[in-house]
Amino acid sequence: MPDAEEYIIGWICAIVTEYATAQEVLDNEHEAPESVPANDTSDYTLGSIGEQNVVVAVLPYVTPENYKRAIISLSRRYSSTSAFPGNNYADIGEWMLQERSLLSSAKPGEAATSFASKSEQSHDLVVVYNSDEKEWDVQHYNQGQHEALSAATSGPAEGFGQIVFIRGFISPSWMSVIGSKYNIDPEFFRRHMDFLSPSIDRHAYSIPSLASSSNNIFRLCVNTLLHRDDFGRQDLQSQRLDESTELRTYKAQQLGSTRVCCGDSLVREYSTVCSRFSVIEQWISLCFMKRDRGWAVIAWMDQGRPLEKSPPGPWTCHLESKATPLPVLQHHPKMAFRTTNNRLDPDANASAEVQQSGVILPLQYDSLIALVDLARRAPQDPLSMCIPLFAHAAFSEVQFLNLMESRIQTQMNAIVKGVLTDTLGTLQYFSNILNRHAQQLQDSIAALCKLAERRSHLLNEVKVEGLPPKSAGPTGSSVGKRRQIPGIETVQKCGSNSSDGSFTAKGLLNDYEQLCARCIDLSKMCTRGMTLAMNKATIEESSKAIEQSERLKKLTLLATFFIPLSFSSSLFSMNIDLLEQRVKFWWFFVLCIPITLLAYILYLWDFSAMRQF
């Protein structure tokens, strides 16, 4: 780190949003200051912009109220007055103001709570795992204990990390407490709650944003397969259109209103694959934050309360028809000889009619890490801490792709057999779903690479701290070199000392790359199927046209014989003087036969040959 006298520029930030933006502006980030006065609780980041060394500071302890005010203030910043307008925060700002209006309109004597669930069953909304050298400290908070979390002082040991699980929907008060306590970039909350911004005027096509704009925010997609008996409400095409409309209504009118409560489960996408299977897609948003004593990972999961106790959506009718969720089956070589223990009460999930994929993870995360041989690395490595989440999402994606492959193969067989009913629409529907999943898998690959780079930074910082003073030098150049390491090479280097299983960095990267390639191949298979179906339909139309021309040929031949007969009959039936005399019957044949022969000669005549002469 350069000497303190070399830092001649100071950038003082009033809010955490400005602090996060200032950190991104730095070209190089240096080590933290070696000594800070004991009474100075501000947070500092040292770095350089060009050739100038800069100190970026943020005011100490952002309170939940200040955090909320900062987001509301950002939402009211317009392009006419700022180069960083906050139009995309307008909806989340209005949503945070809803709580104030609800609390102010509460009658005297009523409990001043908002977004509170009426369910009598307790739900652990936030679960915190603090790591240490020997054991884990687990803390859990229900929907009314946001002040207890704000006042909590316990944390991980020096140099260790923690993971914070958010289970389901949260209220503005909870968002303010979590955001201020862990200094979270509000962009993390905005991206997870993208359903609040359906209007183009608000987000202005800013979603998705640049990948480098938030290097510490990631997203995983977890699938839950629902199996039911043949749901014969209507044909699949009409059912899918109705579900798409219901899903948009669910996001706009349910999730964007005060009817959703703390801990309710959210659903991002719902797809009916066939008459027996449908897929629920939910998110796990991850945010990595460096802290004074270590680091923290925030995992906001859509999986909260049982779906039947959460806001209704297009899946509700399927739940009423006794749909059965399929479990996500994972594999580890030692899974038969080890088990996991629940830290919290799992009765709520056990009694649910539809057990969502991933809802059990926060209840036994420490024992799950021990089962997959990550107990030593996870407390000191954010990538190892998140590996069980990535692995769970990958195994759920495997089952989804297996289902899609079987349904696509069924459609291909139907095309071969000539059954083309709704085949084109179904394959196009499958292709759209697979393209969306391919993009999500590519985002997961990028997240793995970024977490691997974070791991490299942490390891290098530990090594630098352990070097003798005489070998320590300016770290700006070393940080720059680390940033030039490609993400994939970093993951492979980090996983080179361990086996290539599904619960290692290198193994996960290979798995996600294979899943992405397979997803793209299935999408191409749908395209080939649509092309084959269109070609087959074209051939069938051509065959029908040929058959129709053959029938017209026969009709023309019949007309060649019957028209002369009709002409002869009409001629003899004319009332003229020539025919007033009694005409013999054989005269009909005398006139009819020559006319018929002449007509047939004209039918067989090759007029194209005559034109050549």
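The text that follows walks through the structure, step by step, so that each part is easy to find. (Residues numbered from 1 in each chain as written. Predicted model: local features only at pLDDT ≥ 70, side-chain atom pairs only at ≥ 80, totals over all residues. Heavy atoms only, no water.)

Describing the sheet that holds strand S4 (residues 52-58)
Note the cut-off: Any two strands with at least two DSSP-identified bridges between them are counted as paired. By the criteria applied, helices consist of DSSP H or I runs no shorter than four residues and strands consist of E runs no shorter than two, each listed in order from the N terminus.
Strand order in the open sheet formed by 4 strands is S1-S4-S3-S2, with mixed pairing between adjacent strands. The sheet is open, and its two edges are formed by strand S1 (7-13) and strand S2 (28-29), each paired on a single side. Where S1 lies against S4, 6 bridges are found, and the strand directions are parallel. Among the inter-strand pairings, Tyr7 is bridged to a residue of S4, identified as Asn53.

Quick look at the pairing of strand S3 (residues 43-49)
Sheet topology note: the S2/S3 ladder contains 2 bridges and is antiparallel. Considered in S3, the bridge of Glu29 is made with Gly47. Between S3 and S4, which pair antiparallel and follow one another directly, the connecting turn spans 2 residues, one of which, Gly50, has a positive phi of 70°.

Examining the packing of helix H12 (residues 382-417) against helix H16 (residues 505-572)
What counts is decided by this rule: Axis lines are fitted to C-alpha atoms, over the contacting stretch for helices. Their N-to-C directions set the angle, which ranges from 0 to 180 degrees. Any angle that falls under 35 degrees is termed roughly parallel, while one over 145 is termed roughly antiparallel, one within 65 to 115 roughly perpendicular, and all others oblique. Helix crossings fall into two classes, left-handed where the near helix is turned counterclockwise from the far one by less than a right angle and right-handed where it is turned clockwise. Basically, the charged four are Asp, Glu, Lys and Arg, the nonpolar ten are Ala, Val, Leu, Ile, Met, Phe, Trp, Tyr, Cys and Pro, and anything else, Gly included, counts as polar.
For the pair H12 and H16, the least separation of the axes is 10 Å and the interaxial angle reads 20°. With respect to H16, the element H12 is oriented roughly parallel. Our pair here, H12 against H16, has a crossing hand that is left-handed. Considering only residue class, the contact of H12 with H16 consists of 22 nonpolar, 3 polar and 4 charged.

Some points on the environment of His437
Formally: Throughout, a residue-residue contact means that at least one pair of heavy atoms, one from each residue, lies within 4.5 Å. Polar contact is defined as a pair of N or O atoms within 3.5 Å, subject to the rule that within protein one atom must be able to donate a hydrogen and the other to accept it, and that residues adjacent in sequence are counted only when both atoms are side-chain atoms.
You can see His437 is positioned in helix H13 (residues 423-465). Between the C-alpha atoms of His437 and Cys516, which are 79 residues apart in sequence, the distance is 8.1 Å. Apart from the residues within four sequence positions on either side, His437 is in contact with Asn223, Glu281, Glu397, Phe400 and Cys519. A polar contact of 2.9 Å, which involves the side chain of His437, links it to the side chain of Glu397.

As for the pattern of salt bridges
We count it as follows: The working definition used for a salt bridge is a side-chain nitrogen of Lys or Arg within 4 Å of a carboxyl oxygen of Asp or Glu. Buried, partly exposed and exposed residues are distinguished by accessible area as a fraction of the type maximum, computed with a 1.4 Å probe on protein chains only: under 20%, between the cut-offs, and over 50%, respectively.
Enumeration according to the criterion identifies 11 salt bridges in this entry. The shortest N-O distance in the salt bridge between Glu65 and Arg69 comes to 3.4 Å. A residue pair is termed a helical-turn pair when its members lie 3 or 4 positions apart in one helix, as Glu65 and Arg69 do in helix H2 (residues 64-75) at 4 residues. Judged by relative accessible area, Glu65 falls into the partly exposed class, the value being 34%. When the shortest N-O distance is used, the salt bridge between Arg190 and Glu187 registers 2.6 Å. A residue pair is termed a helical-turn pair when its members lie 3 or 4 positions apart in one helix, as Arg190 and Glu187 do in helix H6 (residues 186-192) at 3 residues. We classify Arg190 as buried; its relative accessible area is 5%.

Re H12
Defined as follows: By definition here, a helix of n residues has an expected span of 1.5 Å times n minus one. Take the seven residues that end at a residue and the seven that start at it, fit an axis to each, and the angle between those axes is the bend at that residue.
In this model H12 runs 52 Å from its N-terminal to its C-terminal C-alpha over 36 residues, within 8% of the 52 Å that 1.5 Å per residue would give. If you look at H12, its biggest bend is around 35°, right at Pro388. Taking burial as the measure, the 36 residues of H12 include 26 buried ones, the bulk of the element. Sitting at the head of H12, Asp381 places a side-chain oxygen 3.1 Å from the backbone nitrogen of Leu383. Gly418, located one to two residues past H12, shows a positive phi value of around 90°.

In short, geometric facts, not functional conclusions.
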